[in-house]
Amino acid sequence: MSSPGVPDLTTLRPRLPSPLQEVEDERFTRRGVRLLLKRDDLIHPDLVGNKWRKLAPNLTAAAGRPILTFGGAYSNHLRATAAAGRLLGLPTIGLVRGQELADRPLNPSLARCTADGMRLHFVDRSTYRRKTEPDVLARVLRAADAEGAYVVPEGGSNTLAVRGCRALGEELSGRADVVAIACGTGGTLAGLAAGLSPDQRALGVPVLRGGFLTADISALQHQAFGGPRGDWRLDDRFHFGGYARTTPELEAFAEDFEERHGVPVERLYVAKLLYGLVVLTDEGAFPRGSTVVAVVTGTPQQV
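Summary of the structure given here. Owing to the predicted nature of the structure, the values given are computational and were not obtained by experimental measurement.

**Details of the nonpolar core**
Core analysis: the largest hydrophobic core is formed by 33 residues, its most contacted members being Leu-37, Leu-274, Leu-277 and Phe-286. Taken together, the elements giving at least two residues each to this core come down to strand S2 (34–38), strand S7 (178–183), strand S8 (201–206), helix H10 (248–261), helix H11 (270–282) and strand S10 (291–295). If one sorts the elements of this core by residue count, H11 sits on top with 8 residues. By size, the runner-up hydrophobic cluster in this structure holds 23 residues, among which are Leu-36, Val-179, Leu-196 and Leu-220.

**Here's the deal with helix H2 (residues 50–62)**
An ideal rise of 1.5 Å per residue puts 18 Å on 13 residues; H2 measures up with 19 Å between its terminal C-alpha atoms. Largest kink in H2: about 30 degrees, centred on Ala-56, with the proline Pro-57 one to four residues after it. Counting buried positions over the 13 residues of H2 gives 10, a clear majority of the element. What H2 keeps buried is the set Asn-50, Lys-51, Trp-52, Arg-53, Lys-54, Leu-55, Ala-56, Asn-58, Leu-59 and Ala-62. If you follow the buried residues of H2, they end up packed against S2, strand S3 (67–71), helix H3 (76–88), strand S6 (150–151), helix H7 (159–171) and helix H8 (187–195).

**Observations concerning the sheet that holds strand S4 (residues 92–97)**
Spatially, the 4 strands line up as an open sheet ordered S5-S4-S3-S6, and their pairing is parallel. Edge positions in the open sheet fall to strand S5 (119–123) and S6, since each of these has one partner strand only. Summarising the sheet, S3 and S6 pair through 2 bridges and their orientation is parallel. For Leu-68, the partnering residue across the bridge sits in S6 and is Val-151.

Rules used in this analysis
Residues numbered from 1 in each chain as written. Predicted model: local features only at pLDDT ≥ 70, side-chain atom pairs only at ≥ 80, totals over all residues. Heavy atoms only, no water. Core = buried A, V, L, I, M, F, W, Y, C linked by side-chain atoms within 4.5 Å. Buried < 20%, exposed > 50% of the residue type's maximum accessible area, 1.4 Å probe, protein only. Helix = DSSP H or I, 4+ residues; strand = E, 2+ residues; numbered from the N terminus. Expected span 1.5 Å × (residues − 1). Bend = angle between axes of the 7 residues up to and from the residue. Contact = heavy atoms within 4.5 Å. Pairing = 2+ DSSP bridges.

What follows is the structure, given as structure tokens:
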């Protein structure tokens, strides 16, 4: 039973554990590799994939207070937070990167946020980059009239989120040799690796350029668990130019995968992950007899 002010997340009926689906794909089978999809995209129709795992503990911790979080103009995290607010009757505030957007028509993603009841506050890019500094954050909260809000960081990756994502690894314990996931802020990988068995390893495919995630993930694990957890590594080769960027080659790959297997492929994260796994398999990165799980963290964005 929920405490006063604490939302009852069971009313949302999440599908947990999420399904594990085997796909027959000759690009893997010819190398003796078995490919499974961890369908976190089927957990909840509005709080899709790792958004549920990261947001759920923060929604509980907010205890009914307004929730404020950060994101760019096409942020899936902002959309998920707005949807959670609508479903649970919680006020939400989105601090959006780019003051110049305030005077433009809302794109479909931000329009969906406002339709779900999120109040948007636009922040200039210089201030946004410094949003984790306490004095800057305090100033931004005052400007947004949100000083009493519960603050969730960009991408939702904080200590509670990382601990929440440990359940993903626990659901896959003993089910695969390698569990691979696309990474934005690294919080899901940090928790996933902590939940796997000692003989399993986690592979992260960053969707941003820059090579900064190793330090970020290590810091998240230290904050959440007191030190490093699990066997994990990153492969930075498959960002396709950076966040929110795709190429005709990636688009063609995603369409082909959808046609082969009937699974919708989200382009900014999941397509890059699956493309990377095909390349790695062809390179012989996984020994014959290996089972590889690809975590499907989202669905193609609907507007």
